[in-house]
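Now for the letters of each chain:
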Amino acid sequence: MEKVLDQFQFERVLSHDPRSKLVHILGRINGEHAIVSFEKARYADTDIPELASRTCQLVDSNHNNIYGWGMGTVKLATADTNIKTIYPATELHIRKYEHQQRHMIIETPDMYKQITLPYIQSLPAERIQWVFNILEGKSEADRVLYRSNDRETGFVVLPDMKWDGTQESLYCVAIAMRSDILSLRSLNRSHLPLLKNIRDTAYQLVKDKYGMDKDLLRLFIHYQPSYYHFHVHLTAMSFADAPGVVAGQAHLLDTVIDNIELYDDYYQRAKLPFTIGERHPLYLAHTSP
Ligand code: M7G
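Residues numbered from 1 in each chain as written. Predicted model: local features only at pLDDT ≥ 70, side-chain atom pairs only at ≥ 80, totals over all residues. Heavy atoms only, no water.

Novice: Explain the sheet that holds strand β10 (residues 171-176) to me, and be specific about the residues and the numbers.
Specialist: The strand order across the open sheet built from six strands is β8-β9-β10-β12-β11-β13, with neighbouring strands paired in antiparallel fashion. The two strands at the open ends of the sheet, each matched to only one other strand, are β8 (146-148) and β13 (250-252). Averaged over all adjacent pairs, the angle separating strand axes in this sheet is 30 degrees, with direction ignored. In this sheet, β13 lies alongside strand β11 (residues 217-222) in antiparallel orientation, the contact comprising three bridges. By the bridge assignment for β13, I221 is matched with H251. Against the sheet, helix α5 (residues 192-210) makes contact with β8, β9 (155-159), β10, β11 and β12 (231-236), and its axis sits at roughly 145 degrees relative to β11, the strand it touches most. Sheet strands touched by helix α6 (residues 253-262): β11, β12 and β13. Its angle to β13, the strand with the most contacts, is close to 65 degrees. (Pairing = 2+ DSSP bridges. Helix = DSSP H or I, 4+ residues; strand = E, 2+ residues; numbered from the N terminus. Axes fitted to C-alpha atoms, helices over the stretch in contact; angles between N-to-C directions. Contact = heavy atoms within 4.5 Å.)

Encoded structure:
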């Protein structure tokens, strides 16, 4: 990652969200695209008592009666920015992070078969290489919190790339060992043991590791996911604006289990809405005449 930051040559800003203070920047390294993301982190608890004394270079300071405001630089003792890099970045990565209008698509089973499934099948296998690196213990092995190698009901739980490490923003991901479940659309009753295993293990794991009860957790599955290898998102309820918890993207694991218990082929027959950016190939495929 150090090398990527070192060699990164700025090209343009893909998106900049002033609310979350997250900026995705496109650049090049040796002629190939790279994306670097910077997100201002929350203050560390240990820094808070010293924020006032560590403030220097106060600019634009104003006051009126008992009120004062301005901008300044605070020399923090701890790191203050979350940084992520993707190199080499594909066209799909660029389209994912580029600012764009999002649309709601109501996908019928027929649209899935005619448009979405061929799109999924056209994705290069390298796109989910990071998943296999985790499952095979080649990457992030020291971060794995739980592993069961069972070929049908096994999975790995580890901190999600999006987790900043604080308990309020807890974000982990449970990744299935099996590779034959592409998404929600693939699920039926035969997958209930896996789904229940993930749910029950996640509750116990988070209780044992972080002392959090199950009613403080939100377990959900994305439709559409970015990566078509089955996984479940585990987030703290207190992370209410976690990326991707919105309607039109997140399906609660408990609801999914319940729907399948009611109807074996619920996810093959249901209309599934999803939100997608207008530059995403799937949006273009669904909307082109
Ligand atoms: P998704 O629903 O397929 O995509 O979830 P999206 O939420 O990114 O749209 C995949 C999840 O895996 C996301 O929460 C990612 O942050 C997370 N993730 C992605 N990558 C490439 C990695 C990785 O290399 N390591 C870990 N630990 N998490 C990742």
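Novice: Report on the pairing of β9, specifying residues and quantitative values.
Specialist: The buried fraction of β9 is high, at five of five residues. Where β8 and β9 come together, three bridges link them in antiparallel fashion. Its bridge partner being in β9, R147 is matched across the sheet by V156. Pairing geometry for β9 and β10, over five bridges, is antiparallel. Across the sheet, P159 pairs through a bridge with C172, a residue of β10. (Buried < 20%, exposed > 50% of the residue type's maximum accessible area, 1.4 Å probe, protein only.)

Novice: Provide a residue-level description of the site of the ligand, including the pertinent values.
Specialist: The local shell around the ligand holds 15 residues, among which K96, E140, D160, H222 and S226 are the closest. Contacts to the ligand include P159, whose backbone N or O atom sits 3.0 Å from a nitrogen atom. For the ligand, an oxygen atom lies 2.8 Å from a polar atom in the side chain of S226. Across the complex, the protein chains shield 90% of the 590 Å² of accessible surface that the ligand would expose by itself. Of all the secondary structure elements, the ones that give two or more residues to the shell around the ligand are β9 and β12. Broken down by class, the residue content of the shell around the ligand amounts to seven nonpolar, four polar and four charged. (Near = heavy atom within 4 Å. Polar contact = N/O pair within 3.5 Å; in protein donor to acceptor, adjacent residues only side chain to side chain. Areas by Shrake-Rupley, 256 points an atom, 1.4 Å probe, with all protein chains shown as cover. Nonpolar A, V, L, I, M, F, W, Y, C, P; charged D, E, K, R; others polar.)

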